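Overview (structure and organization)
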Amino acid sequence: MVGTLLLLLSIFFYIKCIKKWSFLIFISFCGNGFYLLTDSVLGIKNQDAALIYFIVIFIYSLFNERHIKYVHNFRIEKWLKVFFIFMLFNVLFSIIFYQLDLIQIIQGGRRYFIIFAFYFIRKIKTSDVEWLLRKIVYITAITSVLYIIQCQTGWPVLPDSDIYYSNDSVDGTFRYYNAPPFLDISLFLLIFHSKYFKGWKNTIVIAIMFVTLLCTQGRTQIAGTIMVILIGLYLNGSYKKLVKYGLLGLIAITPFMPILMERFESDDKSTGGDLQAIIDGDFMNVNGQFAGSMTYRFALVYERMEYLANRSIGEQIFGMGLLSDQQKELVRRMYHFNIGLRDRETGEVAQLTTPDIAYGNLICRLGFVGMAIYLVIWGIMLVQAYKNRKVDIIVFCLFLYLFNYIFGSFSGATISYTENIVLPMMLIVYMDKMKLLNKRCVYEK
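Structure report, in brief.

Calculation criteria
Residues numbered from 1 in each chain as written. Predicted model: local features only at pLDDT ≥ 70, side-chain atom pairs only at ≥ 80, totals over all residues. Heavy atoms only, no water. Patch = residues over 30% accessible without salt bridge, like charges linked within 9 Å, V, L, I, M, F, W, Y side chains within 5 Å. Areas by Shrake-Rupley, 256 points an atom, 1.4 Å probe, with all protein chains shown as cover. Salt bridge = Lys/Arg side-chain N within 4 Å of Asp/Glu carboxyl O. Helix = DSSP H or I, 4+ residues; strand = E, 2+ residues; numbered from the N terminus. 1 Å grid on protein atoms, 1.4 Å probe; cavity = no way out; pocket = protein on both sides within 12 Å on 5 of 7 lines; lining within 4 Å. Points joined across faces, edges and corners; volume = space filled by probe spheres on them. Nonpolar A, V, L, I, M, F, W, Y, C, P; charged D, E, K, R; others polar. Axes fitted to C-alpha atoms, helices over the stretch in contact; angles between N-to-C directions. Parallel < 35°, antiparallel > 145°, perpendicular 65-115°, else oblique. Left-handed = near helix turned anticlockwise from the far one by under 90°. Contact = heavy atoms within 4.5 Å.

**Points about a nonpolar patch on the surface**
On the surface, Phe 84, Ile 85, Leu 88, Phe 89, Leu 92, Ile 95, Ile 96, Leu 102, Ile 103 and Ile 106 cluster together into a nonpolar patch covering about 980 Å² of accessible area. Elements represented by at least two residues in the nonpolar patch include exactly helix H5 (74-96) and helix H6 (102-109). Among the elements that take part in the nonpolar patch, H5 stands out by supplying 7 residues, more than any other.

Set out below in structure tokens:
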């Protein structure tokens, strides 16, 4: 009921030109309700709501907003057209070769069509983007506090916390996976933009979000985000900020040092063992025994790549069909992979979907060609954001955001979930319009 009401409101707001609220609800759907409005709270799946919103607004915008001027981004638009043609053939291939019906294809491939939301996103106002970022930072700050309380007490403060956890934490507590979905971009904006909180309040919120990052206990996520922040401070020439946030980080990290030391120690089941196994090529021994989590991820991708490499050219181009893991009986008959996330109750290995690495999902759903086209779109956005990073400080944060996404694709599946491209695309449109208006912001050097 709540989800249906929000969906109707988001469509109503868009039609009535209250687009900033409409887009905020859309972003919420794309970000699993900020882990506040989860599927169980909404009564419908966030992913389904995002898809319905996309379809309705895409059709409405196509026929009713031709008068609205927008800035063309010809490279992205060209590759989106290529990807659209690929997806049409992918649907046909799934029907003819795999004999899937439209319901099965919608279940398995629906999220990949949300990428075409760019065609109405490109009409967004720069002022609406700035407003959206402010709201995202505020919501992320609130969710961060709740997440820290949850991690430190074990109380299920956030909805559905019993789903988003595992017991692989090194300190014996539960490790929760419902950290704020926009934590990284919020951190970048607070550090480099500094327009959302004044003075010491900004520093406190940064500290809260940094502690939230540490509470995730994700080695690659923590190391990657810190590395990107340091790169950003270097590129920005903010040496004073580098010292300031370096000291702040040391203070925030001190209570977590025992956990982090264990998490990063170089024994045969952690980072050092991972790197050595990958260098030695041991991830290719697909027998269920791995030096560490990164080796497991490489093995997962390798197993699926090897499978496709020995299949027909059509399967290599289009992948293993637009099929969902929820269709368990059909998936069991078609695939027998040994490596993947195991179901807690049945112990069965998930065949086509993994939260551990983006490339496993992309290879299964899109094949080698589709994955390449999809990654080209992300790559174009990253290059454009880097080249235009001095146009505006928000564009600079966009570059860091995209760089962090690409880096994190080796330890998570975020870029393979197409709904995660919605906010970066909004910021790309912001970049294009700021370039056109030639509004160059001078920031600290």
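Still to come is the rest of the account.
**Examining empty space enclosed by the protein**
Under the defined criterion, the tally for this structure stands at 1 cavity of 30 Å³ or more. Approximately 40 Å³ is the volume attributed to the largest cavity. Lining the largest cavity, in full, are Ile 27, Cys 30, Phe 182, Glu 419, Asn 420, Val 422 and Leu 423. When contributions to the lining of the largest cavity are tallied by element, the ones reaching two or more residues are helix H2 (19-30) and helix H20 (422-437). Across the lining of the largest cavity, the residue classes break down as 5 nonpolar, 1 polar and 1 charged.

**Comments concerning the packing of helix H9 (residues 183-192) against helix H11 (residues 219-236)**
Across the interface, H9 lies against H11 with an axial gap of 11 Å and an inter-helix angle of 30°. Relative to H11, H9 is oriented roughly parallel. Along this stretch, H9 crosses H11, giving a crossing that reads as right-handed. Touching Leu 187, Phe 188, Ile 191 and Phe 192 of H9 are Thr 225, Val 228, Ile 229, Gly 232, Leu 233 and Asn 236, all from H11.

**A short note on the environment of Ala 117**
With respect to the helices and strands, Ala 117 occurs in the loop between H6 and helix H7 (118-121). Residues Ala 117 and Glu 419, spaced 302 residues apart in sequence, show a C-alpha to C-alpha distance of 9.4 Å.

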